[in-house]
Structures are given as structure tokens and as C-alpha cells.
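Listed here are the chains, written in short residue letters.
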Amino acid sequence: MNLRLKELIDEATRALSRLDAERLAELALSCEALNRGGEQPIECSLKPGEASQAASAMGVFSRVLGVTRANFEFIARLNRTEGERLEYRPGSERRWNPRWNGHGNN
Amino acid sequence: MGTINSAFQIMSGALEADQSALNVVANNVANANTTGYTREIPAWQENTPVEINGSSYGSGATETGSTSVRDRVLDQRLQQQQQSASSSSTRLAALNSMQALFPPDSGSSSSAAGDIGSDLTSFFDSFSSLANSGEPTNDALRQDVLSAASTLAGDISNAAAGLSSLQSSLDEEASGLVSQVNGLTGSIAQLNMEIQSSSPNGDAGTLEDQRQQDLSQLSQLIGVNQITTENNGLSVTTASGQLLVSEGSSFDLTTGLAGGLTRFFVGTTDVTQALAEGGGELGGYLTARDQDVPNAMSSLDQLAYDVSTQVNSLNNTGTDLAGDNGGAGDIFYQPAAVAGAAASMSVVMNDPDHIAAAGANAATGDNSNAVSMANLAGQGVVNGKTPSNYFAQFVSQLGSTVSEVQAESTAQAASVTQLQTQRDALSAVNLNDEASAMQQLESSYQAASQVFNILNTVMTSALNLGVETAVS
């Protein structure tokens, strides 16, 4: 990977917007390597002005992360409160199993 | 016989039920690519058990129709997010057009077209050149002052004209949405009647899909609230509560002109401000038209008024080459009020001899008044700020607003995409099931949080390093 810091943040924002969990997981691993300064570092030596550009990109990423959290909490709450239509299947955390089975049409 | 008949009936009923269910499946598959179609699931009802030789046996199930898999709460949230997303993306486009009217300061001593920041520097520099030349009577240097004044006035009045033109086009776009809004509210009212007559107690299937489609389109145009009423009816109001649809009736948005701009009404109530705050494309257009453009115009007016007034005032206190002492005349057109000052800014002095470079009662070779006019560049004459700083702050503030709305627009668009994914998983014909869609949302959020936390640490370190470097 050869991304500058701002590009990396923009990429994370795009991936989060489309809920691309796999890409985000890749980026998380890359970021860990970056933070360790380890064997797979992302080229992130900051050029003059890059920190402020990256900070601006972080602002957007933060906003998208905020709405994602709000959406996640909303969907989770929705599932919790829809007891009539949905029922909890024990032994499978965060798995909500529709009472109707779809009969193969889903 | 009764036993065999009963067994046959159970079997026959089961086959019929299966066939009905298969029809529902076939309908789902056939509509897989129909926009707004909501997946249906067969509804089953257990038949009354039969008694055979004193024992009770189940008699199977009958398919009693189909029910659309929809979640009105999720639909409503999606529509609310669509309203916000449409509003911010529309406003962002207008802000980008506005920002293009104010190119960043080139930093050059010669003004580029439209570069008001450089124009201000050049204008006050021209007085410095005149004052410091040692020959304040020099005609070429005096001509340079008028030329720089003309460039400054031209760029400010052009920017004002650009803002007015932008405001007019936003107004036109906003009023053009009214017929679409009225068409959709009329359609929703019509669907209300059909739904209430055909399915007062249950899901109305494709009719409900159509109504949700119309609501979704309406949400992209204006901010609305929806209220479910009896017998599967639906009332729709503006975000501020003005009724647009009630049962089978719709209430049109109407328009009227006031001060050259369109006002919006429901009945006799002026809902313009409420629509601006409500969201949707119309909200975005109106926010840009009634808030962003006037704010920019107001700043530009203040700059034009104060620069013109201060320069004219000083010119009228000095002595010009014609010997006018204290009445050399105005360099710029003197606006009567702040409002409209930018649009009317122009140079009214034709003869450079009337530039009063000399001080009051001084000989024409004196330069003290030219020095005073050059010094305006460093004085807080525009709302307590120097002209250049005032303009730089205005441009910077505009840039911040654009960045803020850009971030908001990105976030809102992301939110719509995410909720659409959840809705599709639930109610569209899709192989993903609801649980996996939610898990995708959760996994993405968790991974993104991890990315954010690490990057935040990296950014904090980088910025701290920057501060330490600056201090050392």
C-alpha cells in the first residue's frame, strides 16, 4: 500500500459510506502497522500542509462515523423493539431471526 | 370415507397453499428490479382441526394472501435522511458557485480578474507610490491610482452582480419545484383513497409501494412529516406542520413575489422560512438564496461602503492639483447606504488632477493626504478591520462554510446509502437477509472506529510534533 495519510482517510470514509467492512478491516490492519512503524508501514511522512489537509479529511471521516453510529444504534433499537415481528434466537448474539421464514422467497 | 376425504382435503389444501406461496415468490422474482417494490411474504392461516375417531388432527394451512415486508419506522428515517442529504447537496452546489466568484488572493501585486484581495493591495499601494515618488503631481502616477480604483470597483461590482445572478437562478430553481411537489402530494392523496378503499386493515402491497415511492421523492424535494391515520391512511405535513395531504385531499403549495423573490404559501400561510429550514432540495435552494447569498452580499456591501466612504472623505479634505482645497470631489461613487454599495461601486472621478494628494491648505506638491489615503490600508476602517483583513476573513469564512456543508453532505449521503442497504435487506427482493445486513453495518462501524482511533493518535502526534517544531 502506498497511500498518503489524507488519501488513506478519504479511502476509509468512502469504504464506510458504502459499508465495505472488508476494506475497512484492511485499512485497520494497515493503520496498526503504521502506528507500530512496523514492517508494512504506510508511506505517511507528512509534507508541509499535509497535516492540515489530513485534519480536514479526519473531520469528514468523523462525521460519517457519527452518522454510521447513529444508524447502527437506530437499526439495533429497531430490531429490539420489534418483538412482534422478530424473535431472538438464543445462542447467537446479535442475530435476530425473523419469525416468518420466507419460504425460500428471500 | 370421511377419513379419506379429510386426508385428501388436508393434502389438497397444502398443495393449494404451496401454489399460492409459489405465486408470491414468482411475483417477488418478477419485480426484483422494480424500483420501490417491497418483497412480499405469504401469509398462512392454520385450518380448523378435524376430528377423526375422537382424535383431533391438524388440517394444514391455507395461504391467505401476502404481506409486504416493510418497516415504516425505517422508511421514515430514510426519508428524513434523504431530506437532509438533498438539502445539503443542493446548498453545497450553490456555495461552490458562490465561492467561484471570489478567487483566492493571488498574492501578486498585479490584480488578476476578480481578485479583490489583490485589488485592495494594489489600490492602496498606488497611493503609496504617489506619496513616496517625490513628485505627487506626476500625472502617470495619478492615473495609476484611478486605474487601480477602477479595477477594484469593477471587481467588487462584478462580484455583487454575480451574487445577484446566483440568487435569481436559485429562486428560479426553487419555484420550479412547486409543480413537482404538488404533483406528488396529489398522487399521495389519490393513493390514500385507493388504499383506504381496497385495504383499510392490511398492507396494500404495490399501492403502498407507490405511496412510499411518492413520499421518498417528495422527501428529496421538501422536508415533510408523515402521520399514519385510520384505515391505512396517511397525512403529510411540511416540517413545520402545514398540512399538505390529508386522507384523499391535497393542499397545493402556491407562490407569490415579494421584493423580487418568490415566497411560498400553503393556503394563506407564508411557509418560506419553514421550507428553508425543513430540508430537501427546496430547503437547500432557499437556505442558499435567503441566507448564504445575502450574507456574502452584506459583507461585500460593507467593504464597498467603508472603502468608498473613507477614501472619498479623505480626498475631500485635501488639496488637488486644480487648487480645490477641501472640495476635490469623490473618487468612488458615494453610496447612500451600506445595502447596495457593492453593486453600485464605480469610479466617478475622470480627471486625475482632482486626486487631493496634498494636505488641507498645503501646496500642490505636498504628499501628506496621499500618505493618509495609503495608510487606510493598515487601519481598521471596515468593521474594525483593515480592508484586506476584512476581505480575507470573509473569504476564509466562506471557505469554512463550504467545508462544513461538504462534510455534512458527505455524511448525509453516506447515511442514506447505509439506511438504503438496511431497507433493501428488509423489504426489497434481495438475497441478503436482514441479520447479515445489520452485521455488515456493525462490522463496518467497528472496523472504522478502529481506523479512526489509530489515525486520530497518528494525527495528534503529527500535530503535536508540528507545534513543538514551531516553538523550538
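Here the structure is a predicted model, which is why all the values come from computation and not from measurement.

Conventions adopted
Residues numbered from 1 in each chain as written. Chains lettered and ligands numbered in written order. Predicted model: local features only at pLDDT ≥ 70, side-chain atom pairs only at ≥ 80, totals over all residues. Helix = DSSP H or I, 4+ residues; strand = E, 2+ residues; numbered from the N terminus. Buried ≥ 20, exposed ≤ 12 C-beta atoms within 10 Å, placed from the backbone. Core = buried A, V, L, I, M, F, W, Y, C linked by C-beta atoms within 7 Å. Domains from an automatic or database assignment. Contact = placed C-beta atoms within 7 Å. pLDDT = per-residue confidence, 0-100. Pairing = 2+ DSSP bridges. Axes fitted to C-alpha atoms, helices over the stretch in contact; angles between N-to-C directions. Left-handed = near helix turned anticlockwise from the far one by under 90°. Nonpolar A, V, L, I, M, F, W, Y, C, P; charged D, E, K, R; others polar. Expected span 1.5 Å × (residues − 1). Parallel < 35°, antiparallel > 145°, perpendicular 65-115°, else oblique.

Below, the discussion takes up the overall build of chain B. The secondary structure content of chain B amounts to 11 helices and 11 strands. For chain B, with 472 residues in total, the buried portion stands at 43%.

Residue and element names in this part refer to chain B. Backbone geometry at N361 places phi at a positive 65°, although glycine is not the residue there. Relative to the elements of secondary structure, N361 occurs in the loop between helix 8 (280-315) and helix 9 (368-375). For N361, a count of 10 C-beta atoms within 10 Å translates into the label exposed. Positive phi is not limited to glycine here, since N383 has a value of about 50°.

One can find B:F123 in helix 3 (residues 116-132). In the structure, B:F123 is positioned 22 residues away from B:L101 in sequence and 20 Å away in space, judged by C-alpha atoms.

B:A149, B:I156, B:A159, B:L163, B:L300, B:A304 and B:A342 are the most contacted members of the largest nonpolar core, which has 83 residues in total. Of the domains in this structure, domain 2 (91-173 + 294-394) and domain 3 (178-221 + 223-278) of chain B are the two that each give at least three residues to this core. Once you skip the residues sitting within four places of it in the chain, B:A342 turns out to touch B:I156, B:S157, B:A159, B:A160, B:M297, B:L300, B:D301 and B:A304. A:V60, B:V416, B:L426 and B:V451 belong to the second-largest nonpolar core, a separate cluster that totals 42 residues.

Quick look at the confidence of the model for chain B now. Residues and elements named next belong to chain B. When pLDDT is averaged along chain B, the result is 84, and 78% of the positions lie at 70 or above. When pLDDT is averaged over each helix and strand of chain B, the minimum, 50, is found for helix 1 (residues 2-30) and the maximum, 97, for helix 8. For the stretch residues 467-472, pLDDT sits under 50, and the model shows 0 contacts to residues farther than four places along the chain or on other chains.

Glancing now at the pairing of strand 10 (residues 261-266) of chain B. Taken residue by residue, a regular strand's side chains alternate between the two faces of the sheet. Residue and element names in this part refer to chain B. Here strand 9 (residues 253-258) pairs with strand 10 via 6 bridges, running antiparallel. Within strand 10, the residue paired with T255 across the bridge is F264. Adjacent in sequence and paired antiparallel, strand 9 and strand 10 are bridged by 2 residues, among which G259 carries a positive phi angle near 60°. Both strand 10 and strand 11 (residues 269-270) contribute to a ladder of 2 bridges, which runs antiparallel. The partner of V266 across the bridge, within strand 11, is T269.

All names here are of chain B. Pairing between strand 5 (residues 224-229) and strand 6 (residues 233-238): 6 bridges, direction antiparallel. When the bridges of strand 6 are listed, T228 appears paired with L234. In textbook terms, the turn of a hairpin is the stretch between consecutive antiparallel strands, and for strand 5 and strand 6 this stretch comprises 3 residues, one of which, N231, has a positive phi near 55°.

Residues and elements named next belong to chain B. For the pair helix 2 (residues 72-100) and helix 8, interaxial distance at closest approach is 7 Å and the crossing angle is 35°. The element helix 2 and its partner helix 8 pack so that their crossing is right-handed. Counting all contacts with helix 2, which are made through Q83, S86, S87, S88, S89, T90, R91, A94, L95 and M98, the residues of helix 8 involved are G280, E281, G283, G284, Y285, T287, A288, D292, V293 and A296. When grouped by side-chain class, the residues that make up the contact of helix 2 with helix 8 number 7 nonpolar, 10 polar and 3 charged.

Looking now at the sheet that holds strand 11 of chain B. Pairing within the open sheet is antiparallel, and its 3 strands lie in the order 9-10-11 (chain B). Two strands close off the open sheet at either side, each with one partner strand: strand 9 and strand 11 of chain B.

In this section: helix 3 (residues 50-81) of chain A. Each full turn of the α-helix corresponds to 3.6 residues, which orients residues three or four apart in the same direction. Taking 1.5 Å of rise per residue, 32 residues should cover 46 Å, and helix 3 of chain A covers 46 Å from first to last C-alpha, within 8% of that figure. By the burial criterion, the buried members of helix 3 of chain A are A:A54, A:A57, A:M58, A:V60, A:F61, A:R63, A:V64, A:L65, A:V67, A:T68, A:N71 and A:I75.

Next up on the list: the sheet that holds strand 5 of chain B. Residue and element names in this part refer to chain B. Spatial strand order, 5-6-7-8: 4 strands in an open sheet with antiparallel pairing. Looking at the sheet topology across the chains shown, the edges are occupied by strand 5 and strand 8 (249-250). Looking at chain direction, strand 6 and strand 7 (residues 243-246) are connected through 2 bridges and run antiparallel. Of the residues in strand 7, the one forming a bridge with V236 is V245.

Moving on, we come to the packing of helix 2 of chain B against helix 6 (residues 206-221) of chain B. Residues and elements named next belong to chain B. Remark: helix 2 packs on helix 6, axes separated minimally by 7 Å, with the N-to-C direction vectors making an angle of 30°. With respect to helix 6, the element helix 2 is oriented roughly parallel. Side by side, helix 2 and helix 6 meet where D75, Q79, Q82, Q83 and S86 of the first sit next to Q212, L215, S216, S219 and Q220 of the second. Here the contact of helix 2 with helix 6 is built from residues that sort into 1 nonpolar, 8 polar and 1 charged.

Glancing now at the confidence of the model for chain A. Residue and element names in this part refer to chain A. Per-residue confidence for chain A averages 72 on the pLDDT scale, and 61% of its residues sit at or above 70. Predicted confidence in chain A is weakest over strand 2 (residues 96-98), with a mean pLDDT of 46, and strongest over helix 1 (residues 5-17), with 90. Segment residues 39-44 is flagged for pLDDT under 50; beyond a separation of four residues in sequence, or across chains, it makes 14 contacts in the model. In the model, residues 86-106 has pLDDT below 50 throughout and makes 28 contacts with residues more than four positions away in sequence or in other chains.

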